[in-house]
Amino acid sequence: MVEEKLLLACPRCLTANRVPASRLGDDPKCGKCGARLLEGKPVALDGQSFEGFLEKTDLPVVVDFWAAWCGPCRAMAPQFERAAADLKTRARFAKLDTEAAQGIAARFGIRSIPTMILYRGGREVARISGAMDASSIARWLEPHLG
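Residues numbered from 1 in each chain as written. Predicted model: local features only at pLDDT ≥ 70, side-chain atom pairs only at ≥ 80, totals over all residues. Heavy atoms only, no water.

Participant: Break down the overall build of the chain for me, with residues and values.
Facilitator: Along the backbone of the chain there are 4 helices and 7 strands. Seen in sequence order, the chain has helices and strands lined up from the N terminus as β-β-β-α-β-α-β-α-β-β-α. At 15 Å, the chain has a C-alpha radius of gyration in line with the 15 Å of a compact globule built from 146 residues. Of the contacts formed within the chain by residues at least 6 apart in sequence, a portion of 60% connects residues at least 24 apart. The positive charge centre, built from 21 side chains, and the negative charge centre, built from 17, are 2 Å apart in the chain. (Helix = DSSP H or I, 4+ residues; strand = E, 2+ residues; numbered from the N terminus. Rg over C-alpha atoms; globule rule 2.2 N^0.38 Å. Contact = heavy atoms within 4.5 Å. Lys, Arg positive; Asp, Glu negative; His and termini not counted. Charge placed at Lys NZ, Arg CZ, Asp CG, Glu CD.)

Rendered as structure tokens:
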């Protein structure tokens, strides 16, 4: 039987890496630059890396749309990081600064922040707005993680 391999985008160089599903918990590294693929912390995306990261990742991707001036965004940041650590082999976590990437925020209709969008295969599958704690983020994601 052939083992399923998942595509994972490197958070540093965006190279697509194929990793056996059974090895996700073994701290896989990028074949090109050696960076850890599943660090358990959110990846900072920008207007140039956003599409490539989503397209080169088979795991669900949770993107936190935020801004530095947003108090609830800053309050949620450590909770989002905790959820990223807790779910590191089940989903990728990323952050997108809506001030720096206004075009992407507009394209996805981000009208309030923080807003989290869950993507599978580069397509939006769920969305929620408002600050949440780590356990609430995990509960929101659970039905979508399979």
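The discussion continues.
Participant: Now, about unusual backbone geometry: what can you tell me, with residues and values included?
Facilitator: Along the chain, Ile 113 connects to Pro 114 via a cis peptide bond; the corresponding omega equals 0°. Tracing the backbone through its elements, the reader meets Pro 114 in the loop between α3 (102-107) and β6 (115-120). Phi angles above zero are rare outside glycine, and Leu 14 is one such case at about 65°. Positive phi, close to 55°, is recorded for Asp 27, a residue that is not glycine. Mapped onto the elements, Asp 27 comes out in the loop between β2 (16-20) and β3 (43-45).

Participant: Give me the packing of aromatic side chains: which residues, what numbers.
Facilitator: Counted under the stated rule, the structure contains 6 aromatic pairs. Note on Phe 50 and Tyr 119: the rings are 5.9 Å apart at their centroids and 85° apart in plane angle, and the pair reads as edge-to-face. Of the two residues, Phe 50 is situated in helix α1 (residues 50-55) and Tyr 119 in strand β6; the sequence distance between them amounts to 69 residues. In this pair, the class of Phe 50 matches that of Tyr 119, namely buried. Each residue in the set Phe 50, Phe 65, Phe 108 and Tyr 119 is aromatic and connected to the rest through ring pairs, giving one cluster. (Phe/Tyr/Trp six-rings, centres within 6.5 Å; stacked < 30°, edge-to-face > 60°. Buried < 20%, exposed > 50% of the residue type's maximum accessible area, 1.4 Å probe, protein only.)

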